[in-house]
Amino acid sequence: MKTEASPEPNPSFIHPTAVVHPDAIIGQPGDECFLDIGDNNDIREHISVHQSSKPTDKTVIGDGNLIMGSSHIAHDCKIGNSNIFANNTLLAGHVVVGVSFVVT
């Protein structure tokens, strides 16, 4: 999935090398909140990722993460690089995950 430049601000950015599989729900179109998904992420089936809860914050997923099926990343989470999230992993809002963790 690739976002194109437009005259209106785009609150979400999904890096062009991120792979988003079918039935993943990423952000909410039209919201004035923010989501940034980095380079080389593999976001599997039935994932939900929320944008930030307010315009002054941002939900961030770094680079090179594997987020397996049916997982959830809530608003305002900050995910570092090279993490693995097992199937059905659920993160509440405002969770911070560093670099190279396996979350089950």
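No experiment lies behind these values; they were computed from the predicted model shown.

1. Digging into the overall build of the chain
The number of helices and strands found in the chain is 0 helices and 14 strands. Taken from N to C terminus, the helices and strands of the chain fall in the order β-β-β-β-β-β-β-β-β-β-β-β-β-β.

2. Regarding the sheet that holds strand E10 (residues 78–79)
Backbone hydrogen bonds hold the strands of a sheet together, and the pairing may be parallel or antiparallel. Here we have 5 strands laid out as an open sheet, ordered E1-E4-E7-E10-E13, and parallel in their pairing. Each having just a single partner strand, strand E1 (12–14) and strand E13 (96–97) make up the two edges of the open sheet. Looking at chain direction, strand E7 (residues 59–61) and E10 are connected through 2 bridges and run parallel. Following the sheet pairing, Ile61 is matched in E10 by Ile79.

3. Some thoughts on unusual backbone geometry
Although it is not a glycine, Asn40 sits at a positive phi angle of roughly 60°. In this fold, Asn40 is placed in the loop between strand E4 (35–37) and strand E5 (42–43). A relative accessible area of 49% places Asn40 in the partly exposed class. Positive phi values are uncommon outside glycine, yet Ser70 reaches one of about 60°.

4. Remarks on the pattern of salt bridges
Oppositely charged side chains can form a pair if their charged atoms are brought close together. What the rule picks out here adds up to 3 salt bridges. Close ionic contact of Glu45 with Arg44 constitutes a salt bridge, the shortest N to O distance being 3.1 Å. You can call Glu45 partly exposed: its relative accessible area is 27%. Salt bridges here are not isolated pairs; linked through shared partners, they connect Asp42, Arg44 and Glu45.

5. Some thoughts on the side chain of Asn41
Its place among the elements puts Asn41 in the loop between E4 and E5. Judged by its relative accessible area of 1%, Asn41 is buried. Side-chain polar atoms of Asn41 contact the backbone oxygen of Gly38, separated by 2.9 Å. There is a polar contact of 2.7 Å between the side chain of Asn41 and the backbone oxygen of Gly62.

6. Some words on the confidence of the model for the chain
A residue-level look at the chain finds 88% of positions with pLDDT of 70 or above and a mean pLDDT of 89. Low pLDDT, under 50, characterises residues 1–9; the predicted model gives this stretch 9 contacts beyond four residues in sequence or across chains.

What counts, and where the lines are drawn
Residues numbered from 1 in each chain as written. Predicted model: local features only at pLDDT ≥ 70, side-chain atom pairs only at ≥ 80, totals over all residues. Heavy atoms only, no water. Helix = DSSP H or I, 4+ residues; strand = E, 2+ residues; numbered from the N terminus. Pairing = 2+ DSSP bridges. Buried < 20%, exposed > 50% of the residue type's maximum accessible area, 1.4 Å probe, protein only. Salt bridge = Lys/Arg side-chain N within 4 Å of Asp/Glu carboxyl O. Polar contact = N/O pair within 3.5 Å; in protein donor to acceptor, adjacent residues only side chain to side chain. pLDDT = per-residue confidence, 0-100. Contact = heavy atoms within 4.5 Å.

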